[in-house]
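Each chain, written out:
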Amino acid sequence: MPVAHQVLTHAADPAVRDRPALRTPERSRTYAALAADVRAGATHLIATGTRPGDLVAVSLPDPLDLLTAVLAADHAGATPLVCDPAWPRAHRAEVLRTLAPRTFVEVPLPRGTGAVPDLVPGLVPQGGASPGTGHVPAPDDLAWAGFSSGSTGRPRAVVRTRASWAGSFDDVTRLLGLRPTDTVLVPGPLASSLYCFAAVHTLAVGACAYLTRTPAATTSALASSDVVHLVPQVLDDVLDAVAAGAPSRLRHAVVGGASLAPGARSRATALGIDVLAYYGAVELSFVAYDPDGSGLRAFPGVDLAVRPLPAASVGEVWVRSPWVSRGYLARATGPLRRDGAWSTVGDLADPLPEPATGTAPSSGSASVPWPATSAGGTARGALVLRGRGDGAILTGGSTVVPEDVEVVLRAVPGVRDVVVLGTAHRRLGAVVSAVVECDDRPGLRAHLERVARAALAPAQRPRRWYGTRALPRTPSGKPARGAVSEALRGPEPARSGLEPLR
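Here we look at the sheet that holds strand S11 (residues 252-255)
Read from one edge to the other, the open sheet built from nine strands follows the order S2-S1-S9-S8-S10-S11-S12-S13-S14, with strand pairing classed as mixed. At either end of the open sheet lies a strand with only one pairing partner, and these are strand S2 (28-30) and strand S14 (297-298). Bridge count between strand S13 (residues 285-290) and S14: two bridges; the pairing is antiparallel. Residue pairing for S14: Ala 288 is matched across the bridge by Ala 298. In the packing of helix H2 (residues 31-47) onto the sheet, the strands contacted are strand S1 (20-23) and S2, and the crossing angle to S2 comes to about 90°.

Next comes the structure, spelled out in structure tokens:
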């Protein structure tokens, strides 16, 4: 977590130390109390064998406890790995076995006992070692790790440096007009990088992060929140609540994870809420943003381009950016690819219309001219996204890799083969849908749902189930995903042999 040092610095400031830093519906911590907890937690981690550079996995259901633990890991010089406490036990065991963290935190760390000597003004250094740990925070520290799809059947943890998040804080603060006296509502799991970034950016500014876990708690928090970070379907809920008369002082909503629903921005504006929409990925962080509905333009510090694809009307989005992550832990493979200074996760977009002004990788050569736009530029038109080239499903802010779901379902007796893909959903963007090749077998769907609940994270579990006696195949014998997707999008899937699975 890249902001433990800032928390200690805020706690040493007489004007800040007694302001709330973290809040949940049940409790809150001032900056002074949070700093004491962070130091106590770091002391415990060091005493139990954690050393700078170690990987510390954290899985705690209470978001205040979780955030405190990852701050303590950062203060100790370790790399916190933010796990999802909702994972099934078997999945968690696979994560720990694959990534082999030095320490696993599943109970809250010891809390501080109140004011401690280094919380006296002037005793927390503005640079150099963090008090009590001997660790010197540096831009290249591996200061956060999390999962690229909330969780996946095969653990795929992304790790990033301190600077790859903290370096963008000033730009986000400026775009939001965020003030240290603001309260920022964070209504989602910290295992999601979208929500985790929101919380740590808030702490870096010296504002208060209000962490909620239920729709009712989120609605209640609107009355005392100035800014909210969320995904489009939660924005719908917030706007519905405000329109229905829920007290609110929101002035800004930061929306990532999927495209805005038609009319969402105008609804928000009518309720006095400005919307900042953005596009990014766990591996890439911020790529583009849209502050006013005119379309996505490159985020500050980012050069972006759309690389042509053979025989396709869309291209692949590539970025050159200081915000890109270091990559995956444990030599895992994933959608992140690099070519020199440029990176992509395979997202697709319409070509940028203007002539080339940048350079980017192309098949067969290290660097060739192609349409590109620089940070904040709109002269070459807005970036228009068209989905994922690898078939990944973006559902409610989580990215689900179909193959990770298929490998679990394919092992169920009675399933000959299965294709998992996304189908459109008004609020979630898409939902996971499974098309199962099988014979008629009473109770198969119920059995598949039990397996999904036991072995898959919530975002990965199919919401729609179809059965077919024979999946369409390519000449090589592989399932023809395009044909299956086309059949599901059609008005009558049954004509293609797809029936709801019973």
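Alright, that's what it looks like, and here's the rest.
Some thoughts on the packing of helix H1 (residues 4-11) against helix H3 (residues 63-75)
Where H1 contacts H3, the axes come no closer than 8 Å and their chain directions differ by 100°. Here H1 is positioned roughly perpendicular relative to H3, judged by the angle of their axes. Residues Ala 4, Val 7 and Leu 8 of H1 lie in contact with H3, whose contacting residues are Leu 71, Asp 74 and His 75. The residue inventory of the contact of H1 with H3, partitioned by class, reads four nonpolar, one polar and one charged.

Quick look at the pattern of salt bridges
Using the criterion set out here, one finds 25 salt bridges in the structure. For the salt bridge of Asp 62 with Arg 27, the shortest nitrogen-to-oxygen distance reads 3.1 Å. Taken together, the residues span a long stretch of sequence, with Asp 62 in the loop between strand S3 (55-58) and H3 and Arg 27 in the loop between S1 and S2 at a distance of 35 residues. Exposure remark for Asp 62: the relative accessible area of 15% places this residue in the buried category. For Asp 292, the salt bridge identified is with Arg 297, shortest N-O distance 3.7 Å. By relative accessible area, Arg 297 is classed as buried at 12%. Among the ionic contacts, a cluster of salt bridges with common partners joins Arg 416, Glu 437, Asp 439, Asp 440 and Arg 469.

Considerations on the sheet that holds strand S29 (residues 464-468)
The pairing of strands in a sheet happens through backbone hydrogen bonds and is either parallel or antiparallel. The mixed open sheet is built from four strands, whose spatial order is S27-S28-S29-S30. Each having just a single partner strand, strand S27 (417-425) and strand S30 (499-500) make up the two edges of the open sheet. Looking at chain direction, S29 and S30 are connected through two bridges and run antiparallel. Note that in S30 the partner of Tyr 466 across the bridge is Pro 500. Sitting on the sheet, helix H13 (residues 481-489) is in contact with S27, strand S28 (429-437) and S29, with an inclination near 45° to S27.

Digging into the nonpolar core
Within the largest apolar cluster, 101 residues are counted, with the highest numbers of intra-cluster contacts made by Leu 67, Leu 71, Leu 203, Leu 230, Leu 304 and Leu 383. Ranked by residues supplied to this core, first place goes to helix H7 (residues 193-205) with ten residues. With 20 residues, the next largest nonpolar core counts Ile 393, Val 405, Leu 409 and Leu 501 among its residues.

Considerations on unusual backbone geometry
In the Ramachandran plot, Ser 285 falls in the positive-phi region, its phi being about 60° despite a non-glycine side chain. For Ser 285, the location among the structural elements is in strand S13. On the basis of relative accessibility, which here comes to 9%, the residue Ser 285 falls in the buried class. For Ala 330, which is not glycine, the phi dihedral falls at a positive 55°.

Remarks on the environment of Arg 337
In this fold, Arg 337 is placed in strand S18 (residues 337-339). According to the relative accessible area criterion, Arg 337 is partly exposed, its value standing at 37%. Separated by 19 residues in sequence, Arg 337 and Trp 318 have C-alpha atoms that sit 9.3 Å apart. Here Glu 316 takes part through its side chain, which lies 2.3 Å from a polar atom of the side chain of Arg 337.

Procedures and definitions
Residues numbered from 1 in each chain as written. Predicted model: local features only at pLDDT ≥ 70, side-chain atom pairs only at ≥ 80, totals over all residues. Heavy atoms only, no water. Pairing = 2+ DSSP bridges. Helix = DSSP H or I, 4+ residues; strand = E, 2+ residues; numbered from the N terminus. Contact = heavy atoms within 4.5 Å. Axes fitted to C-alpha atoms, helices over the stretch in contact; angles between N-to-C directions. Parallel < 35°, antiparallel > 145°, perpendicular 65-115°, else oblique. Nonpolar A, V, L, I, M, F, W, Y, C, P; charged D, E, K, R; others polar. Salt bridge = Lys/Arg side-chain N within 4 Å of Asp/Glu carboxyl O. Buried < 20%, exposed > 50% of the residue type's maximum accessible area, 1.4 Å probe, protein only. Core = buried A, V, L, I, M, F, W, Y, C linked by side-chain atoms within 4.5 Å. Polar contact = N/O pair within 3.5 Å; in protein donor to acceptor, adjacent residues only side chain to side chain.

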